[in-house]
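Single-letter residue listing:
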Amino acid sequence: MRTSRISRVRLISTDAGPIEDFELLAQEHPSLCAEIADACGVCDAVFDVGAWASSRDFRTWNESVETSASDAITVRGAGRDVAAAACEVLTRYQRYVGRRNAASSAPVFDAVLRAHAGLHDCHKPLVRADFDHALDTWQWMLRLDADASLAAQLAALFHDVERLESEADARVEQHAPDYQAFKDAHAKKGGDRAHDALLLAGVDAATAERVRHLVAKHERRGPDREIALLNDADALSFFSLNSAGYIDYFGPEQTEKKVRYTVGRMSADARARLALVRLRADVAPFLAKVLGTAAPSEAA
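Per chain, the residues get numbers from 1 upward, laid out in the order the sequence is written. Local features in this predicted model are restricted to residues whose pLDDT is 70 or higher, and side-chain atom pairs enter the listing and the counts only when it is 80 or higher, whereas totals over whole chains, interfaces and linings include all residues. To get the side-chain values, all heavy atoms of the structure are used, and hydrogens and water are removed first.

Trainee: Help me understand the overall build of the protein chain, please; the structure alone is not making it clear to me.
Mentor: Only DSSP runs of H or I covering at least 4 residues are called helices, and only runs of E covering at least 2 are called strands; the numbering of each starts at the N terminus. A tally of regular secondary structure across the protein chain gives 14 helices and 4 strands. This radius of gyration counts C-alpha atoms alone. The globule rule is 2.2 Å times how many residues there are, raised to the power 0.38. For 300 residues, the compact-globule estimate of 2.2 N^0.38 gives 19 Å, and the protein chain sits close to it at 19 Å. Considering only C-alpha atoms, the protein chain reaches an extent of 55 × 45 × 35 Å along its principal axes. Throughout, exposure labels follow a simple rule: accessible area from a 1.4 Å probe, protein chains only, divided by the maximum for the residue type, with under 20% read as buried, over 50% as exposed, and the rest as partly exposed. The proportion of buried residues among the 300 residues of the protein chain is 54%. Whether two residues are in contact is decided by their heavy atoms, any of which lying within 4.5 Å being enough. Once local pairs closer than 6 in sequence are excluded, the contacts in the protein chain between residues at least 24 apart make up 76%. Surface exposure here means Shrake-Rupley accessible area, sampled with a 1.4 Å probe, where a residue is shielded only by the protein chains that are shown. About 12900 Å² of surface is accessible on the protein chain, with carbon and sulfur atoms providing 54% of the total.

Trainee: How do you make sense of the sheet that holds strand 2 (residues 33-36) when you look at a structure like this?
Mentor: Hydrogen bonding along the main chain pairs the strands of a sheet, whether they run parallel or antiparallel. If you trace the 4 strands from one edge of the open sheet to the other, you get 2-1-4-3, paired in parallel fashion. The open sheet terminates on both sides in strands that have one partner only, identified here as strand 2 and strand 3 (45-48). Each strand of the sheet is rotated relative to its neighbour by a mean of 20°, with strand direction disregarded. When DSSP finds at least two bridges between two strands, those strands are taken to pair. Both strand 1 (residues 8-13) and strand 4 (residues 72-77) contribute to a ladder of 6 bridges, which runs parallel. Looking at strand 4, one finds that Arg8 is bridged to Ala72. Only the contacting stretch of a helix is used when fitting its axis, a line to C-alpha atoms as for every element, and angles between N-to-C directions run 0 to 180 degrees. Packed on one face of the sheet, helix 4 (residues 79-92) meets strand 1, strand 3 and strand 4 and runs near 145° to strand 4.

Trainee: It is not clear to me how the packing of helix 5 (residues 107-118) against helix 6 (residues 125-144) should be interpreted in this structure. Could you clarify?
Mentor: When two helices pack together, their arrangement is captured by the angle between the axes and the distance separating the axes. Orientation of helix 5 relative to helix 6, taken along the N-to-C sense of each, is 155°, at an axis distance of 11 Å. By the angle between their axes, helix 5 is roughly antiparallel relative to helix 6. Each of Phe109, Leu113, His116 and Ala117 in helix 5 lies in contact with helix 6, whose residues at this interface are Phe131, Ala134, Leu135 and Trp138. Classification convention: Asp, Glu, Lys, Arg as charged; Ala, Val, Leu, Ile, Met, Phe, Trp, Tyr, Cys, Pro as nonpolar; all other residues, Gly among them, as polar. Class assignment of the residues belonging to the contact of helix 5 with helix 6 gives a composition of 7 nonpolar, 1 polar and no charged. An angle below 35 degrees is treated as roughly parallel, one above 145 as roughly antiparallel, one from 65 to 115 as roughly perpendicular, and anything else as oblique.

Trainee: Explain the pattern of salt bridges to me, please; I cannot follow it from the model alone.
Mentor: Two side chains that carry opposite charge are able to pair once their charged atoms sit near each other. When a carboxyl oxygen of Asp or Glu is within 4 Å of a side-chain nitrogen of Lys or Arg, the pair counts as a salt bridge. Summed over all chains, the structure comprises 34 salt bridges. A salt bridge links Arg163 to Asp130; its shortest N-O distance comes to 3.0 Å. In this pair, Arg163 is assigned in helix 8 (residues 163-166) and Asp130 in helix 6, connecting sequence segments 33 residues apart. Judged by relative accessible area, Asp130 falls into the buried class, the value being 5%. Among the ionic pairs, Asp234 bridges to Arg265, the shortest N-O distance being 3.0 Å. In this pair, Asp234 is assigned in helix 11 (residues 225-250) and Arg265 in the loop between helix 12 (252-263) and helix 13 (268-273), connecting sequence segments 31 residues apart. The exposure class assigned to Asp234 is buried, which follows from its relative accessible area of 6%. Put simply, Asp130, Asp160, Arg163, Glu167, Arg171 and Glu173 are held in one network by salt bridges that share partners.

Trainee: What is the right way to read the layout of surface pockets from this model?
Mentor: Estimated volume of the largest pocket: approximately 940 Å³. With a 1 Å grid spanning the protein atoms alone, the term cavity applies to any set of points in which a 1.4 Å probe fits but cannot get out, the term pocket to an open set with protein on both sides within 12 Å along at least five of seven lines, and the term lining residue to any residue with an atom within 4 Å of a point. Around the largest pocket, the lining is made up of 37 residues, and of these Ala129, Leu241, Asn242, Gly245 and Tyr246 lie nearest the centre. Those elements giving two or more residues to the lining of the largest pocket turn out to be helix 3 (59-67), helix 6, helix 11 and helix 12. The element that contributes the greatest number of residues to the lining of the largest pocket is helix 11, accounting for 11 residues. Residue composition of the lining of the largest pocket, by class: 12 nonpolar, 5 polar and 20 charged. Grid points are joined across faces, edges and corners, and a volume is the space filled by probe spheres set on the points.

Okay, here's the thing in C-alpha cells:
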C-alpha cells in the first residue's frame, strides 16, 4: 500500500496545444501543486489520456498508483484533454492526497486515523474496499465543504464501520427483503461502534456523540445539513470509487437498484459533481437512466 501522499500532478501536452480546464483542476484539487511539464518523473504513476479513456479495467491503474514511490502523478495527452483527465484521475485516487482543513489538522485526528486503520484487516478484499471508501468519502466531504467540522469528517471515516462485523467476508445487502430497513439498521449499529472507537482514540465525548448521531442517520436525507453532506460524500464515493467493483460483485440487476437508491440520497450539487467522475461503461447506463440523460460516450 502507498506510504506517501500525492502532492503534485504533472500535466504534459503531447500535441503542443494549450492545456484547457486548468482552472477546474485547481478548483477541485486546490491542495495539490499542478505543474505543466515536459517530462514525467522517474517514479511517477503515468496516465496516458487515451489509454485512461479507453481502458475497461482500473486494476492496472490502481497498482501503478498504489506502488509508486513518487509524490506526483503524470497525466499526458492532447492539451485540450489533459487537465480534465487529470481531474478524473485525481478524483479516483484522492484518498492518497489526504486533504485536510483546520478541524482535521489537530493531533487527535492523526490518532483517529491510526485507530481507524487498525480496525481494518486490509488483507481481506472487502475490508480493503471499505477502508478505501472511508478515506475517499472523507476526501469528497472536504471537496463539498472545505470547512467541514471535525464531527462531520469523523463520521465520513466511520460511516460504514458496522460492515466490519456483518460484511467483512461476504456482502449480504442483496438478500435484504426491505433494503431501507437493512440500511437503517446498518447505520444505527455503525453509529454506536463509531462512538466507542472515537472515545478510545481520545475524541471528546460531545464530538463522539455527534458522530454517533450523524452515522446513525446517514442513510436518509433530512434537515440536518451535516447528514446531507455525509449522504452526498458517501454517494459520490460510491460512483467514483466503488461502482465498478459493485457491479462485478453483485451483477447488473442489483447495481441498477443501488444506483437508483444512491442517486435518491443526493443533493442537486452532488449530482452536478458526477460530471467529474469516470464511470465504467457497464455502470454509466444505469446512472444515465436514473438521471434521464444520455450515457457518457467516454465512459469505459
